[in-house]
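Spelled out from the first residue to the last, the chains are:
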Amino acid sequence: MDCKKKQLIDQIKVVINNLENDYYNEITSGVLQLIYIRYKNALKALENNKDIRELKIIGGIRAYMDSYSDYQNPLLAELHKAEKLNKELLNT
């Protein structure tokens, strides 16, 4: 497995775990639900060797920031890492 792809899978798992543990009651609706669903779908796609272009995680940071004014939230850093890895994979 490609090293970058493995890094992305690991980072997506970090985001999912963060959402499930810290936002359990909030991932059932709204923007956090959208982000959660996209990351779960991305993980499934990557684990099933689907085309990387099918991932829909880019934009999660913007969606979060448009809905919440908590710009110092640690979740944003994790989302940023995942989106950055996704973009790097798309450009290889």
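Above: the structure in question.
Let us look at the structure shown here.

The rules we used
Residues numbered from 1 in each chain as written. Predicted model: local features only at pLDDT ≥ 70, side-chain atom pairs only at ≥ 80, totals over all residues. Heavy atoms only, no water. Helix = DSSP H or I, 4+ residues; strand = E, 2+ residues; numbered from the N terminus. Buried < 20%, exposed > 50% of the residue type's maximum accessible area, 1.4 Å probe, protein only. Contact = heavy atoms within 4.5 Å. Salt bridge = Lys/Arg side-chain N within 4 Å of Asp/Glu carboxyl O. Core = buried A, V, L, I, M, F, W, Y, C linked by side-chain atoms within 4.5 Å. Axes fitted to C-alpha atoms, helices over the stretch in contact; angles between N-to-C directions. Parallel < 35°, antiparallel > 145°, perpendicular 65-115°, else oblique. Left-handed = near helix turned anticlockwise from the far one by under 90°.

1. Structural notes on the side chain of Gln11
Next up, step 1: Note on placement: Gln11 falls in helix α1 (residues 3–22).
Next up, step 2: On the basis of relative accessible area, Gln11 is assigned to the buried category, the value being 10%.
Next up, step 3: With residues near it in sequence (within four places) discarded, Gln11 still touches Glu78, Lys81, Ala82 and Leu85.

2. Let's talk about the pattern of salt bridges
Next up, step 1: Going through the model one piece at a time under the given rule, you end up with six salt bridges.
Next up, step 2: Between Lys6 and Asp10 there is a salt bridge, with the nearest N and O atoms lying 3.0 Å from each other. Linking Lys6 with Asp10, this pair stays in helix α1, spanning four residues, or about one helical turn.
Next up, step 3: Residue classification places Lys6 among the partly exposed positions, given a relative accessible area of 43%.
Next up, step 4: Lys81 is paired through a salt bridge with Glu78; the nearest N and O atoms lie 3.6 Å apart. Residue Lys81 and its partner Glu78 are both found in helix α4 (residues 74–90); the two are separated by three residues, about one turn of the helix.
Next up, step 5: A relative accessible area of 41% places Lys81 in the partly exposed class.
Next up, step 6: Look at Glu78 and you get buried, because its relative accessible area is 18%.

3. Considerations on the nonpolar core
Next up, step 1: Core analysis: the largest hydrophobic core is formed by 28 residues, its most contacted members being Leu8, Ile12, Leu19, Tyr39, Leu75 and Leu79.
Next up, step 2: Put simply, the parts of the chain that give this core at least two residues each are α1, α2 (30–47), α3 (60–67) and α4.

4. Quick word on unusual backbone geometry
Next up, step 1: The backbone of Asn49 sits at a positive phi, close to 55 degrees, despite the residue not being glycine.
Next up, step 2: Its location among the elements puts Asn49 in the loop between α2 and α3.
Next up, step 3: We classify Asn49 as exposed; its relative accessible area is 60%.

5. Thoughts on the packing of α1 against α4
Next up, step 1: In contact at an axis separation of 9 Å, α1 and α4 are set at 155 degrees when each is read in the N-to-C sense. Here α1 is positioned roughly antiparallel relative to α4, judged by the angle of their axes. Read as a crossing pair, α1 and α4 show a hand that is left-handed. Residues Lys4, Lys5, Gln7, Leu8, Gln11, Val14, Val15, Asn18 and Leu19 of α1 touch α4, and the partners they reach there are Leu75, Glu78, Leu79, Lys81, Ala82, Leu85, Asn86, Glu88 and Leu89.

Structural measurements only, silent on function.
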